[in-house]
Amino acid sequence: MVGSLMRFRLILPLMALLAIALAAPAQARYSVGLSEQDARVFANPDWRSLHLKQARFILAWDWYKTSSEVGEVDAYMRAAQAHKQDVLVTFSAHRGCFVNNHYSKAKVCRAPSAAAFRSSVKRFHAKYSYAKSFAAWNEANHISQPTYRKPKLAVRYYNVVRGVCSRCKIVAADVLDSSDVATYLRGFLRASHGRGRIWGLHNYKDVNRHQTKGLTTLLRTVPGQVWLTETGGIVKLAPSFPFSETRAATATKYLFQLANRYDSKRRGNRSRLSRVYVYRFFGESSSSRFDAGLVTESGKRRPAYAVFKKAIG
């Protein structure tokens, strides 16, 4: 009787510990960073309090040709290095080539040759050798890019980056969650002979309309890992989303619910979610068409900032 009583007393605390473990939410398997273009972010106390280790930076493929862009890139990369950030470096079209929903036919806007792009990537890699994460081309399936409807061209640029830094983590195709995403990625897979184990998605539609289609389409289509390379709650997108900080906060909360749901590989999927980059930290001016900042242009916290901090906390 005494022995049975002792065993019962030992079982009770073990059962309590098991109940606590089951009730506690599983730790997320994905990592979180911020996509931000402004180097001032690294000096901001609200950014510092987030204790992030990953950032994302977009630059024009021909960044080295103008002194102003060289200065911007240098300021950002040096500040990021000083704060020990793993920067996802993302190449994009020449600045100013997409205006009024039209991509310019000007010579400077033409898709670079593989040799020209290789020269740019080599130049960047030599100057900022501590950068170990790259996306070959930003929003490759969007009309604002010379890779639009040309997955073979996107593959060419991916192969260039792989050749320059074979040991780097490279996002094979970085796409927007538009209706052509599956078709574009299948074309990419065919042209690359199945290469690519990291894929990027900008799933604003999912997050701000509280759906899953963009992410689940990608997870079913490509093998390996999916990174949400650009996502977040939209404060303003004229005319579809009028200004609302409350709506953006709600969307930010849904983003992390979505990430928690798909950070493990599920039946029917070929990949799983492993990174999230929220765009962006600083907001825009009131006259801007698009704004998704966690704080205002002047740095005042918005409701989405508190949601973001709690989610990664």
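All figures in this text were calculated on a predicted structure; none of them were measured in a lab.

Caption draft 1: Representation of the environment of Leu185 within the structure. By secondary structure assignment, the location of Leu185 is in helix H6 (residues 181–191). With relative accessibility at 1%, the residue Leu185 sits in the buried group. When the C-alpha atoms of Leu185 and Pro151 are compared, they prove to be 7.4 Å apart, with 34 residues separating the residues in sequence. If we ignore the near neighbours within four places in the chain, the residues touching Leu185 are Ala173, Val175, Trp199, Leu218, Thr221 and Val222.

Caption draft 2: A look at the sheet that holds strand S7 (residues 169–171). Strand order across the open sheet formed by nine strands is S7-S6-S3-S2-S1-S12-S10-S9-S8, with parallel pairing between neighbours. Every other strand in the sheet has two partners, leaving S7 and strand S8 (174–176) as the edge strands with one partner each. Looking at each pair of strands side by side, their axes are set apart by 25° on average, direction ignored. Two strands pair when backbone bridges link them, and strand S3 (residues 86–92) and strand S6 (residues 133–135) are joined in this way by three bridges, in the parallel orientation. Considered in S6, the bridge of Val89 is made with Phe134.

Caption draft 3: Spotlight on the pairing of strand S2 (residues 54–60). Most of S2 is tucked away: seven of the seven residues are buried. The sheet contact formed by S2 and S3 spans seven bridges and is parallel. Bridge assignment links Ala55 to a residue of S3, and that residue is Val87. Handedness of the S2-helix H3 (residues 67–82)-S3 crossover: right-handed.

Caption draft 4: Layout of the state of the cysteines. Applying the stated criterion across every chain yields a total of two disulfides. The disulfide partner of Cys97 is Cys109, and the gap between their sulfur atoms is 1.9 Å. Handedness here is read from the sign of the S-S torsion; for Cys97 and Cys109, about -90°, the answer is left-handed. In this pair, Cys97 is assigned in the loop between S3 and strand S4 (98–99) and Cys109 in the loop between strand S5 (102–103) and helix H4 (114–127), connecting sequence segments twelve residues apart. For Cys97, a relative accessible area of 2% corresponds to the buried category. Residue class for Cys109 comes out buried when judged on its relative accessible area of 5%. Across a sulfur-sulfur distance of 1.8 Å, Cys165 and Cys168 are joined as a disulfide pair. Negative torsions about the S-S bond denote left-handed disulfides, and the value of about 65° found for Cys165 with Cys168 makes this one right-handed. For the pair shown, Cys165 and Cys168 are each scored as buried.

Caption draft 5: Representation of the confidence of the model for the protein. The pLDDT averaged across the protein works out to 93; a share of 91% of its residues lies at or above 70. Within the model, the stretch residues 4–8 combines pLDDT values under 50 with zero contacts to residues more than four positions away or in other chains. Note that residues 16–25 has pLDDT below 50 and, in this model, zero contacts with residues that lie over four places away or in other chains.

Caption draft 6: Structural view of helix H10 (residues 303–312). The complete set of buried residues in H10 reads Ala304, Tyr305 and Phe308. Down the axis of H10, the buried side of the element spans an arc of 105°, and every buried residue falls inside it. For H10, the secondary structure elements touched by its buried residues are strand S1 (31–35), helix H2 (45–48), helix H9 (245–262) and strand S12 (271–279).

Caption draft 7: The arrangement of the packing of H4 against helix H5 (residues 151–164) in detail. For the pair H4 and H5, interaxial distance at closest approach is 9 Å and the crossing angle is 40°. In the crossing of H4 with H5, the sense of the turn from one axis to the other is right-handed. In this structure, H4 uses Ala114, Phe117, Arg118, Val121, Lys122 and His125 to contact H5, whose residues at the interface are Arg156, Tyr157, Val160, Val161 and Val164. Looking at the contact of H4 with H5 residue by residue, the classes come out as seven nonpolar, one polar and three charged.

Parameters and conventions
- Residues numbered from 1 in each chain as written.
- Predicted model: local features only at pLDDT ≥ 70, side-chain atom pairs only at ≥ 80, totals over all residues.
- Heavy atoms only, no water.
- Helix = DSSP H or I, 4+ residues; strand = E, 2+ residues; numbered from the N terminus.
- Buried < 20%, exposed > 50% of the residue type's maximum accessible area, 1.4 Å probe, protein only.
- Contact = heavy atoms within 4.5 Å.
- Pairing = 2+ DSSP bridges.
- Axes fitted to C-alpha atoms, helices over the stretch in contact; angles between N-to-C directions.
- Right-handed = clockwise from strand over helix to strand, strands pointing away.
- Disulfide = S-S within 2.5 Å.
- pLDDT = per-residue confidence, 0-100.
- Arc of directions from axis to C-beta.
- Left-handed = near helix turned anticlockwise from the far one by under 90°.
- Nonpolar A, V, L, I, M, F, W, Y, C, P; charged D, E, K, R; others polar.

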